Number of protein chains: 4
Amino acid sequence: MKTRNVWILAALLCGQIGVQAQEALPKEVKVGKERIKARHEICLPQIDDYQLLKCDFHIHTIFSDGIVWPSLRVQEAWEEGLDAIAITDHIEGQPARRGLQTGNHNYSFDAAREEAFRRNIILIKGGEITRSMPPGHLNALFVEDLNVLDQKDYMKAIEEAHNQGAFIQWNHPGWGVNEIKWHDVHEELYKKGWLNGIEVFNEFEWYPVALDWVNEKNLTLLGNTDVHDVIERLYDFQTTTHRPMTLVLAKERTEEGIKDALFNRRTMVYFYDNLMGKKEYLDKFFWGAVQVSPVYYSSEKRNYLEIKNSSDVPFRLKKVDKARKGYPERIEIPARHSVTVVLSKDDNNTGKVQYEVENLIVSPREKLQVALF
Amino acid sequence: MKTRNVWILAALLCGQIGVQAQEALPKEVKVGKERIKARHEICLPQIDDYQLLKCDFHIHTIFSDGIVWPSLRVQEAWEEGLDAIAITDHIEGQPARRGLQTGNHNYSFDAAREEAFRRNIILIKGGEITRSMPPGHLNALFVEDLNVLDQKDYMKAIEEAHNQGAFIQWNHPGWGVNEIKWHDVHEELYKKGWLNGIEVFNEFEWYPVALDWVNEKNLTLLGNTDVHDVIERLYDFQTTTHRPMTLVLAKERTEEGIKDALFNRRTMVYFYDNLMGKKEYLDKFFWGAVQVSPVYYSSEKRNYLEIKNSSDVPFRLKKVDKARKGYPERIEIPARHSVTVVLSKDDNNTGKVQYEVENLIVSPREKLQVALF
Amino acid sequence: MKTRNVWILAALLCGQIGVQAQEALPKEVKVGKERIKARHEICLPQIDDYQLLKCDFHIHTIFSDGIVWPSLRVQEAWEEGLDAIAITDHIEGQPARRGLQTGNHNYSFDAAREEAFRRNIILIKGGEITRSMPPGHLNALFVEDLNVLDQKDYMKAIEEAHNQGAFIQWNHPGWGVNEIKWHDVHEELYKKGWLNGIEVFNEFEWYPVALDWVNEKNLTLLGNTDVHDVIERLYDFQTTTHRPMTLVLAKERTEEGIKDALFNRRTMVYFYDNLMGKKEYLDKFFWGAVQVSPVYYSSEKRNYLEIKNSSDVPFRLKKVDKARKGYPERIEIPARHSVTVVLSKDDNNTGKVQYEVENLIVSPREKLQVALF
Amino acid sequence: MKTRNVWILAALLCGQIGVQAQEALPKEVKVGKERIKARHEICLPQIDDYQLLKCDFHIHTIFSDGIVWPSLRVQEAWEEGLDAIAITDHIEGQPARRGLQTGNHNYSFDAAREEAFRRNIILIKGGEITRSMPPGHLNALFVEDLNVLDQKDYMKAIEEAHNQGAFIQWNHPGWGVNEIKWHDVHEELYKKGWLNGIEVFNEFEWYPVALDWVNEKNLTLLGNTDVHDVIERLYDFQTTTHRPMTLVLAKERTEEGIKDALFNRRTMVYFYDNLMGKKEYLDKFFWGAVQVSPVYYSSEKRNYLEIKNSSDVPFRLKKVDKARKGYPERIEIPARHSVTVVLSKDDNNTGKVQYEVENLIVSPREKLQVALF
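- Named according to an unreviewed UniProt entry, chain A is Polymerase/histidinol phosphatase N-terminal domain-containing protein.

Structure below.
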């Protein structure tokens, strides 16, 4: 019979692992292993004919209170599989630090541009108009020249941005305030068409009330990192596979395509294992990712089938229809995995069973519902 | 006896992750988190109209010198995304151990069958005819009754297997021998049509000479684990994402489909990051997984493009045509990643550049070649 | 200035990674890498002069309803850094499965013994007396002969065990019952001295009420896996670094040393990141692991110091004394890490600040308290 | 501007892990989990009465051709368990980039200082005198004022550094040259006492010839990262647990203690799993980490014992004395693990068996030898 001596075997194999170091010695040679610079391709289902572009519209660099050079933001985005970023340094109170020059708010965009060309990343010119609440912080995206936004009067700054055709995003409306509130100034901006979207997710937190505003007032839904540190240091990629981001349903992978989608509210937010957005989009997303197999085996008391999830987003399902017995209360389908579902044959009811997808969020009070089996 | 329903248990636990700190104490409650039992779906490209079935045709259990109950082999296979396994306990010298009954070689198949139905795993009945070299160990696959293979004379055993329509695989021809050799008995079996394939890869080692035999004598190429221990203990899934396996190009996902493919030599071997097989299959596999983008950016001296790998198999490319300057000597494309390729504009030659795919093995002396750019 | 071409560099390095495969081809060689079989040494602080032995007193094998051969239980224990295990197959209703011999309950102990000698693992002979509740399942540990425990009348079985000098453990008192209850029979066993300890933690769940019983009735506290599957498949070692276990404060690393400690109630339970036990032991454990540095830096408004945790157990601290301002509400100190603590200088109070160590459990209503700063 | 107190934030988040599902929705709450900022304590054995300080003496920032703000270098070092760093931006050709001010080489030191105080990291003032080879790049460490080193004539710059009491390190002598060579100018600097040490390891490569120079000329041995990017992006902490570093045998954990050790050549280099240094230090390091147990079990033909490695450095041993049979050819002892050693009883020779520790490097031709069993 085939037997094996682990110690000997281990010994044999160790020899090959160590080989490199020995050969290294006679000559100058590299040791160790640099991580191959490669782009992680995030796998998400198609929604209609739109490309699902992965975007982060709120990013800082050394040129405000961030700690890295702008070109790194492009490299990070490329490695993580993003399509577009906006570098949005604070316009006020520059330079943030000793040793930096002052007076030109376009430095960070310029410093990242060549890397963006090389990495095929869409780099959107933007800046953050920074005031205490109200109105709080506002990002102006797709602007021509940031220097003209450096105004004492923030209304003037926002108007300048608007006149340049900017998309105006209200950043982290609930951050650092005791009560999240839609102030008169927001109403005014909204009426003027100078408030186009709200950052419902920011860095680590999200603002359910703001999601209601987006739904009620028909604004654009956004979620971004607001990163100041290095992305890999801010998010633990053992815990989550990706940074929080805005998914943009674009007709084409261009800056224009993104601008069109933002102004037409074709977005979702993807944070940790959660997706937030219009019911219609979430439903198409779910059914683009998930397949339920027919019953492949039937024992005396049970039916066996399989649910497959081809996407990078796991799904957590919870049974809504408590009356229906013999169906699992909960089903978790990890990314790129399948799970076996065992159904009791006792259930005589017919018709599908309603499940709530706990991580697909339509509103603070509503999750996507899907009918299974 | 304490029994357990994984699905229910998993369900219960999912709901309670994290509850511990706040609510665990006053009442009886689950703590911790069981790993969700899910099936990892291996992502490989299509080859023509064939399904690429993931199979392991050499597995042991408690009923020979393995250490686990047969049904676990089905669970392991299911979790790892396999489609089919053959449990092939040694036929000779049973029972291996005190406490086991003797006299019935079909125990292990019977003990795994129900689990195979539940998991939708194709369970192939097989056994290992075990002798010292020559002829060494031979697996008989797709047999009716293993007990009739329990013969003093191994030729008799092989003939019995053949008469039952078995596919006969020569296992690990280079294992435990000083010299790997095609003995007269192998020639005899081969001439009789009683030797249908060779296990060129076994557990941790492969046998280049045997790959030549497969190619020269037009036999079926196979690679299996020969697992005795638990799969997760034998292979470190931090180091490799999958067990070594035989990829079967089947017309349908059935036992018949696999049998047809084996007898018609439609197989490849997938071990660590390497694939072994006919040039035609490897070429279709590579181009099914890889896309080369057009040049998306052109600087003064360089052109930039991207190579994307959508499969779970990384590729390591090495430039063959040394004369061609300005092309990277090596390109590594990790699984599900893209890499940026920077081409110098100096090269005035036209036409594609030849690369060798180091991990796609046609023969001990030949790797797949592809033309790029 | 030093600049770098990632692509070239990556290329150079790739070459060395791939080397092995190329050289492999001309001759028969091992490829891949077997995980080195090594014993993970769990790092826990000393408590007085006792050795802290890592033990699992509830384990199943193929000889009841487990799925692995007994010797694997020893290998698992050794690799995970345990000192002792008891294999405790169900005594009733053997054999569990077709293909196994019947009539000898000592098989599993005998089958694991040689491996225990080789691995220097203390193997304790035990069995599980299995009835529905009451009395539920009871483990008899340190028995001579298991066969005499195979009795129709469970009282007879327990008496036999007791007469062999066994330590009797009530297993998972809350498992599979609607209400966890101290029945008359438990009172009777307790009075007779036939009930020595309670398994307050089992597999994934623990029973706070049972912890009260242990404290009130002065019984021995135990926590075990009750593993039927493979340990690595039952517990996700990405989520937890170790199996749940009983920590035994032994005078010597021998079976006698363990038996003495169990009968004298010198135990703690270690599950996930939690420890459960007598306040005295937990307090010595904490201060054996943790060091608080003096203030190493003092800015205008803040003092800076460091807390270091040298053990494999993280600690989660929560401030109890709400009145004291300027101290962190929560402090997490991961295993083998230090954390910086920033104290405001505003606090004029003197004296230490009370913190509750959330993961050191004295009773369902009490955590260990420590005084810091 | 949006600023953040990591400690408070971490505290807030710790309490809320898992809350999400149940309570997140109705109100504003944090979701996800920030990686707890903690310092990984590297576990290395004591050598005599010296503290083994973990140092990196070659680091760049935004103020030369690095891409991060200086304070991040302190945070990285603290998290990785280092004791001291020197930020050594290139002195020549500043500023490297548009948007940075010019004319003050002390910016990077000043910008990191406060963070160094808070993190209890020893921050050494240094700069890199940068010329093509010869003399190549030289680090001046422990300088007062970097601006005076900004000289056309590099000899003048080195003299200035020397006059400030600087320790002069020749950086990566083999980097970017066809042939590594000890030029006349190095001889001159050496004679003058203006060349105190050599960086034998740099980033990913090491220079065996330079190790000979260190040994022959009695210079100080150094190994550093020369990091320009973010440490976590440069080194894959899945592949290696730590950055390459210089281990300093210091009498006290102060800048003076380090300076004294460097000038007195009390250093080792720790890169990947390798250690480089004087035989005496390596020997004490090995025996400070490793314990060989007595034989704990003796079967008919074999003796069993255990080797334990308590440090964070694995050891790879290879038998030197081929004549001695029955001893393993190779032994690998992973960090914080033990391995079982099985010795045949056939060997009648007496006396210890010589092993070479492959990853403890004395010279390009010599590894540390140890006598076992």
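Having seen the model, we can carry on.
### Here we look at the overall build of chain A
So, point 1. In terms of regular secondary structure, chain A is built from 9 helices and 21 strands.
So, point 2. Going through the 373 residues of chain A one by one, you find that 63% of them count as buried.
So, point 3. Restricting to contacts in chain A with at least 6 residues of sequence separation, those with at least 24 account for 67%.

### Some words on the environment of W182(A)
All names here are of chain A.
So, point 1. As for its placement among the helices and strands, W182 is situated in the loop between β7 (167-170) and α5 (184-192).
So, point 2. For W182, a relative accessible area of 16% puts it in the buried group.
So, point 3. Separated by 163 residues in sequence, W182 and K345 place their C-alpha atoms 53 Å apart.
So, point 4. Within the structure, W182 has its side chain in polar contact with the side chain of E187 (distance 2.6 Å).

### Examining the environment of M155(A)
All names here are of chain A.
So, point 1. Residue placement: M155 occurs in helix α4 (residues 154-163).
So, point 2. Classification of M155 as buried rests on a relative accessible area of 15%.
So, point 3. Along the sequence, M155 and P135 sit 20 residues apart, while their C-alpha atoms lie 9.6 Å from each other.
So, point 4. If near-sequence neighbours (up to four positions away) are discounted, M155 is found in contact with V185, E188, L189 and W194.

### Concerning the domain arrangement of chain A
Residue and element names in this part refer to chain A.
So, point 1. If you check the domain split of chain A, you get domain 1 (51-272) and domain 2 (290-372).
So, point 2. The distance between the C-alpha centroids of domain 1 and domain 2 comes to 37 Å.
So, point 3. Counting residues at the interface gives 7 residues for domain 1, matched by 7 residues for domain 2.
So, point 4. Interface area for domain 1 against domain 2, summed over the two sides, is near 490 Å², with a carbon-plus-sulfur share of 63%.
So, point 5. There are 1 salt bridge connecting domain 1 and domain 2.
So, point 6. A salt bridge links R365 to D212; the shortest N-O distance between them is 2.7 Å.
So, point 7. Connecting domain 1 to domain 2 are 2 residue pairs in polar contact (both at pLDDT 80 or more).
So, point 8. Of all the secondary-structure elements, those providing two or more residues to the side of domain 1 that touches domain 2 are α6 (208-217) and β12 (267-271).
So, point 9. If you tally residues by element for the side of domain 1 that touches domain 2, the top one is α6, at 4 residues.

### Considering the packing of aromatic side chains
All names here are of chain A.
So, point 1. Scanning all chains against the criterion turns up 72 aromatic pairs over all chains.
So, point 2. These aromatic residues form a ring-pair network of at least three members: W170, W182, Y190 and W213.
So, point 3. One residue, K217, lies across the ring of Y190, its end atom 5.8 Å from the ring centre.

### Remarks on helix α2 (residues 70-79) of chain C
So, point 1. Where burial is concerned, most of α2(C) is hidden: 10 out of the 10 residues are buried.
So, point 2. Among the residues of α2(C), P70(C), S71(C), L72(C), R73(C), V74(C), Q75(C), E76(C), A77(C), W78(C) and E79(C) are the ones counted as buried.

### Some remarks on the packing of helix α3 (residues 70-79) of chain D against helix α4 (residues 107-119) of chain D
Residue and element names in this part refer to chain D.
So, point 1. Running from amino to carboxyl end, α3 crosses α4 at an angle of 35 degrees, the nearest separation of the two axes being 7 Å. Handedness of the α3/α4 crossing: right-handed. Judged by residue contacts, P70, S71, V74, Q75 and W78 of α3 engage S108, A111, A112, E115, A116 and R119 from α4.
So, point 2. When grouped by side-chain class, the residues that make up the contact of α3 with α4 number 6 nonpolar, 3 polar and 2 charged.

Rules and cut-offs
- Residues numbered from 1 in each chain as written.
- Chains lettered and ligands numbered in written order.
- Predicted model: local features only at pLDDT ≥ 70, side-chain atom pairs only at ≥ 80, totals over all residues.
- Heavy atoms only, no water.
- Helix = DSSP H or I, 4+ residues; strand = E, 2+ residues; numbered from the N terminus.
- Buried < 20%, exposed > 50% of the residue type's maximum accessible area, 1.4 Å probe, protein only.
- Contact = heavy atoms within 4.5 Å.
- Polar contact = N/O pair within 3.5 Å; in protein donor to acceptor, adjacent residues only side chain to side chain.
- Domains from an automatic or database assignment.
- Buried area = accessible area lost by both parts, 1.4 Å probe.
- Salt bridge = Lys/Arg side-chain N within 4 Å of Asp/Glu carboxyl O.
- Phe/Tyr/Trp six-rings, centres within 6.5 Å; stacked < 30°, edge-to-face > 60°.
- Lys NZ or Arg CZ within 6 Å of the ring centre and 35° of its normal.
- Axes fitted to C-alpha atoms, helices over the stretch in contact; angles between N-to-C directions.
- Left-handed = near helix turned anticlockwise from the far one by under 90°.
- Nonpolar A, V, L, I, M, F, W, Y, C, P; charged D, E, K, R; others polar.

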